[in-house]
Amino acid sequence: MTRMTQNGISTTQAGQEQYETFYSSHRGRRVSRVMYDYRTHEGELFSVVAPTIRECRQKRDEWLAKRNK
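Throughout what follows, the structure given in this document is the object of discussion. (Residues numbered from 1 in each chain as written. Predicted model: local features only at pLDDT ≥ 70, side-chain atom pairs only at ≥ 80, totals over all residues. Heavy atoms only, no water.)

## With respect to the nonpolar core
Listed in full, the eight residues of the largest apolar core are Val34, Tyr36, Tyr38, Phe46, Val48, Ala50, Cys56 and Leu64. Of all the secondary-structure elements, those providing two or more residues to this core are β4 (29-39), β5 (45-50) and α1 (53-67). With residues near it in sequence (within four places) discarded, tyrosine 36 still touches Met4, Glu17, Gln18, Tyr19, Phe46, Ser47, Val48, Ile53, Cys56, Arg57 and Arg60. (Core = buried A, V, L, I, M, F, W, Y, C linked by side-chain atoms within 4.5 Å. Buried < 20%, exposed > 50% of the residue type's maximum accessible area, 1.4 Å probe, protein only. Helix = DSSP H or I, 4+ residues; strand = E, 2+ residues; numbered from the N terminus. Contact = heavy atoms within 4.5 Å.)

See the structure below:
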């Protein structure tokens, strides 16, 4: 069970990030992934799944840059 949601809704507060590592199978191998949520101060939610937290944050920064244009 994830700590990032309650009743299927993200519990991430405005201006904060949350992430969890989980494992899945791909072609018979165990693969690590990071589930990441970030909520802006205005309340807009960004969610992504990527191999590392660094990649999640990079995707968030790209999303924020496009959003602020």
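## Quick notes on the pairing of β4
Pairing of strand β3 (residues 17-26) with β4, which is carried by 10 bridges, proceeds in the antiparallel orientation. Residue pairing for β4: glutamate 17 is matched across the bridge by tyrosine 38. Counting the residues between successive antiparallel strands, the hairpin from β3 to β4 contains two residues, one of them, arginine 27, with a positive phi of roughly 55°. Two elements, β4 and β5, share six bridges in a ladder whose sense is antiparallel. Note on β5: the bridge partner recorded for tyrosine 36 is valine 48. The loop that links β4 with its antiparallel partner β5 comprises five residues; one of these, glycine 43, has a positive phi angle of about 100°. (Pairing = 2+ DSSP bridges.)

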